[in-house]
Amino acid sequence: MSRRWLDAIKTAEVVLEQQQSVLGPSDRDSLDTAYVLGRAYSASPAYVARALPLLSETVRAQEEVLGDGHPDTVRTAAAFELAYLGVYGVPHNRERCQATLDRLQREFGVRDSDVNELEAHLFRL
C-alpha cells in the first residue's frame, strides 16, 4: 500500500483510540470510525487480519446499541463477512451470512456493491 494509505491508517487508529477513550467504545462516532478503519484494513492483504476482530467487535457493539436490523449494523456485518470470506474462502457462519445478505438487500437494494459482492461469494459456494 502507498505511504498515504499507511498514514491514513495510522491517523484513523489514533482517532479511534481517542474516541473510545473519551466517548466510550459504544459511542456512535466510535462505532462509525471502527467500521471505516475495519473496511480500510480489509482493503489490504497485509492488514486484513486486523479487520476481522475489529469488525466483529463493532458488529457486537452495534447490535447492543443500535439493534441487529439497523443499517449501520447490517453494513458492518457485511464488511465482516466479506473480510472473512476474503481470508478463509468460506463464510464465518453460513446462516448468519445469508441473513446479513437478506438484510442488506432489503435495506440497500439489489444494486448495492456489498450486496453484489456477498451474493457472488455465496453463489460460488
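Preceding this paragraph is the structure being described.
Q: Please give an account of the packing of helix H2 (residues 28-42) against helix H3 (residues 48-65) that cites residues and values.
A: For any two helices packed against each other, one specifies the crossing angle of their axes together with the interaxial distance. At a closest axis distance of 8 Å, the pairing of H2 and H3 adopts a crossing angle of 155 degrees. Taken together, H2 and H3 sit at an angle that is classed as roughly antiparallel. Our pair here, H2 against H3, has a crossing hand that is left-handed. Residues Leu31, Ala34, Tyr35, Leu37, Gly38, Arg39, Tyr41 and Ser42 of H2 lie in contact with H3, whose contacting residues are Val48, Arg50, Ala51, Leu54, Leu55, Thr58, Ala61, Gln62 and Val65. Considering only residue class, the contact of H2 with H3 consists of eleven nonpolar, four polar and two charged.

Q: Lay out the pattern of salt bridges in plain terms, naming residues and giving numbers.
A: All chains considered together, the criterion is met by eight salt bridges. Between aspartate 72 and arginine 28 there is a salt bridge, with the nearest N and O atoms lying 3.4 Å from each other. Taken as a pair, aspartate 72 in helix H4 (residues 71-88) and arginine 28 in helix H2 lie far apart in primary sequence, 44 residues in all. According to the relative accessible area criterion, arginine 28 is partly exposed, its value standing at 40%. Salt bridges sharing partners connect three or more residues here, namely Arg39, Arg75, Asp112 and Asp114.

Q: Tell me what's going on with the nonpolar core, and back it up with residues and numbers.
A: Of all hydrophobic cores here, the largest spans 17 residues; its most connected members are Ile9, Leu37, Tyr41, Leu54 and Leu55. Here this core gets five residues from one element, more than from any other, and that element is H3. The residues touching isoleucine 9, leaving out its near neighbours within four places in the chain, are Leu37, Ala40, Tyr41 and Tyr47.

Rules used throughout
Residues numbered from 1 in each chain as written. Predicted model: local features only at pLDDT ≥ 70, side-chain atom pairs only at ≥ 80, totals over all residues. Heavy atoms only, no water. Axes fitted to C-alpha atoms, helices over the stretch in contact; angles between N-to-C directions. Helix = DSSP H or I, 4+ residues; strand = E, 2+ residues; numbered from the N terminus. Parallel < 35°, antiparallel > 145°, perpendicular 65-115°, else oblique. Left-handed = near helix turned anticlockwise from the far one by under 90°. Contact = heavy atoms within 4.5 Å. Nonpolar A, V, L, I, M, F, W, Y, C, P; charged D, E, K, R; others polar. Salt bridge = Lys/Arg side-chain N within 4 Å of Asp/Glu carboxyl O. Buried < 20%, exposed > 50% of the residue type's maximum accessible area, 1.4 Å probe, protein only. Core = buried A, V, L, I, M, F, W, Y, C linked by side-chain atoms within 4.5 Å.

These figures capture arrangement, not role.
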